[in-house]
Amino acid sequence: LGMQIVEDSAMYLDHFGLQCPPFEETTNPRFCFEHAALKCTLDAVEAVVADRGGMVLVEAEPGSGRSLCAQVLTDRLPARALLLAATPDESSVISRIKLLCRGASPDDTDCDRAANEESSPATEIVAGLRDTGVSRWAWIIDDAERLDLGELQLLAEVAAASQAETFALTVVLIAAPAIRARLRLPELQSLTKCLVRVPKLERMQPAETTGYLATRL
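What comes next is a walk through the structure. (Residues numbered from 1 in each chain as written. Predicted model: local features only at pLDDT ≥ 70, side-chain atom pairs only at ≥ 80, totals over all residues. Heavy atoms only, no water.)

### Structural notes on the packing of aromatic side chains
Scanning all chains against the criterion turns up zero aromatic pairs. Above the ring of Trp137, the side-chain terminus of Arg80 is found at 5.5 Å from the ring centroid. (Phe/Tyr/Trp six-rings, centres within 6.5 Å; stacked < 30°, edge-to-face > 60°. Lys NZ or Arg CZ within 6 Å of the ring centre and 35° of its normal.)

As structure tokens, then:
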């Protein structure tokens, strides 16, 4: 059955003169069409990353291309980019970030020493990032409305602590409007004060579909 599917797919591509399937089930930044709203959002995030970093909120309705925006940013940003998804079927975003820090510092590093001294998780993460020698980091977190209160607080602490470091860190939260309720919590007041809000990622306009189809085909 598998071989038959491959053969049928090859015949389909050959018949229409295509090099690859034009309408895949998952997003593919290779076929990204930068409609006006997407370009505005990408440019705004890039400007923050090129500056000193910080925390950025990209708000977008479901179906407006949030995951594609996250993938394009990961490929394009002038920084060591890490794409994370706040999905229930994976380990927490913070756990994966901590593993990144420890994996980048296998020897007796500041990250290890900070852990031994029982310093805060934020201090441990910042020390690990420092040890990588990377001058500019970008963490793109898709479905960020699923982050819990503790994760948002820790991300804010890490972003704030990195401002005094030799490296720059930008945390990009790509989220549905549901995140607004979370950000109104008193515990996140310090985060909301320093949060950079870029233009909302709107859906493609009907007049732009011709350009989109040309890009895909």
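Here the narrative resumes, following the displayed structure.
### Examining the packing of helix α2 (residues 36-50) against helix α3 (residues 66-76)
Helices that pack against each other are described as a pair by the angle of their axes relative to one another and the distance between those axes. Interaxial distance between α2 and α3 falls to 11 Å at its minimum, and their mutual angle equals 45°. As judged from the angle between their axes, α2 and α3 are oblique. α3 is crossed by α2, and the crossing has right-handed handedness. Facing Leu38, Thr41, Leu42, Val45 and Glu46 of α2, the residues of α3 in contact are Cys69, Val72, Leu73 and Arg76. Here the contact of α2 with α3 is built from residues that sort into six nonpolar, one polar and two charged. (Axes fitted to C-alpha atoms, helices over the stretch in contact; angles between N-to-C directions. Helix = DSSP H or I, 4+ residues; strand = E, 2+ residues; numbered from the N terminus. Parallel < 35°, antiparallel > 145°, perpendicular 65-115°, else oblique. Left-handed = near helix turned anticlockwise from the far one by under 90°. Contact = heavy atoms within 4.5 Å. Nonpolar A, V, L, I, M, F, W, Y, C, P; charged D, E, K, R; others polar.)

### Focus: the pairing of strand β3 (residues 136-142)
Counting buried positions over the seven residues of β3 gives six, a clear majority of the element. Strand direction decides the pairing type here: strand β2 (residues 80-85) and β3, joined by six bridges, are parallel. Its bridge partner being in β3, Leu84 is matched across the sheet by Ile141. Of the strand pairs in this sheet, β3 and strand β4 (residues 168-175) are connected by six bridges, and their pairing is parallel. (Buried < 20%, exposed > 50% of the residue type's maximum accessible area, 1.4 Å probe, protein only. Pairing = 2+ DSSP bridges.)

### Structural notes on the sheet that holds β3
Overall, parallel pairing links the five strands, which are arranged β2-β3-β4-β1-β5 in an open sheet. For this open sheet the edge positions go to β2 and β5 (195-197), each flanked by a neighbour on one side alone. Direction aside, the axes of adjacent strands within the sheet are offset by 20° on average. As defined by bridge partners, strand β1 (residues 53-59) adjoins β4 across seven bridges and the pair is classed as parallel. Along β4, the bridge assignment pairs Val56 with Val172. Each of β1, β3 and β4 is contacted by helix α7 (residues 149-162), which is oriented at about 150° to β4, the strand it contacts most.

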